[in-house]
Amino acid sequence: MTYEQIAGAVQNLDHPLFEIRFKSRSSVKGLFIKTADYHELKVKNFWRIVEERRIAEYERTGNEDLARIFYGDGFTKLVTVA
């Protein structure tokens, strides 16, 4: 997916929790987070995502190191998780 497609999907939600489907690996459920380098990474189509199993700890601590960086070109679909 392009960075415009991904940014359009995630910018309209306060806490965008998605199932991220990939071309060559299994899906991941995660929370897109905005950090100080968000805009720089976005232009390069990189995204900081906190995986579902770490969201509670991230919300409690705000520790950005709990996120992993994913390359958006490998995404095939973003599905909103309720």
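Per-chain numbering applies: the sequence of each chain, read as written, is numbered from 1 onward. pLDDT decides what is reported in this predicted model: residues at 70 or higher carry local features, side-chain atom pairs at 80 or more are listed and counted, and totals for whole chains, interfaces and linings draw on all residues regardless. Only heavy atoms go into the side-chain values, all of them from the structure, while hydrogens and water stay out.

Asker: Looking at this structure, how should I read the sheet that holds strand β4 (residues 68-71)?
Answerer: Sheet strands associate in pairs through backbone hydrogen bonding, adopting either a parallel or an antiparallel arrangement. In this description, strands pair whenever DSSP reports at least two bridges between them. Strands are runs of DSSP state E lasting at least two residues, helices are runs of H or I lasting at least four, and both sets are numbered from the N terminus onward. Reading across from one edge, β4-β3-β2-β1-β5 is the order of the five strands in this open sheet, with antiparallel pairing throughout. The strands lining the two open edges of the sheet, one partner per strand, are β4 and β5 (75-80). Taking each pair of neighbouring strands and ignoring which way they run, the sheet shows an average axis angle of 50 degrees. Contact definition: two residues touch when any of their heavy atoms are within 4.5 Å. Only the stretch in contact is used when a helix axis is fitted, and all axes are lines through C-alpha atoms; the angle between N-to-C directions ranges over 0 to 180 degrees. Along the sheet face, helix α1 (residues 3-10) touches β1 (17-22), β2 (28-32), β3 (46-51) and β5 and points at about 40 degrees away from the line of β3.

Asker: Looking at this structure, I do not really get the packing of aromatic side chains. What am I missing?
Answerer: In this description, a pair of aromatic rings is defined by centroid distance and the angle of the planes. Two aromatic rings, drawn from Phe, Tyr or Trp (for Trp, its six-membered ring), form a pair once their centres lie within 6.5 Å of each other, and the interplanar angle then sorts them: stacked below 30 degrees, edge-to-face above 60, tilted otherwise. In this structure the tally under the stated criterion is seven aromatic pairs. Judged by centre distance (6.5 Å) and plane angle (75 degrees), the rings of Phe32 and Phe75 are edge-to-face. In this pair, Phe32 is assigned in strand β2 and Phe75 in strand β5, connecting sequence segments 43 residues apart. When sorted by exposure, Phe32 lands in the same class as Phe75, which is buried. Geometrically, the ring pair formed by Tyr38 and Trp47 is edge-to-face, given 6.0 Å between the ring centres and 70 degrees between the ring planes. A relative accessible area of 10% means that Tyr38 is categorised as buried. Three or more aromatic residues joined by ring pairs make a cluster, and in this case those are Phe18, Phe22, Phe32, Tyr38, Trp47, Phe70 and Phe75. Only Lys NZ and Arg CZ are tested; either one counts as a charge over a ring when it is within 6 Å of the ring centre and within 35 degrees of the ring normal. It is Arg25 that lies over the ring of Phe22; its NZ or CZ is 4.8 Å from the centre. Burial classes follow relative accessibility: with a 1.4 Å probe on protein chains only, a residue under 20% of its type's maximum area counts as buried, one over 50% as exposed, and anything between as partly exposed.

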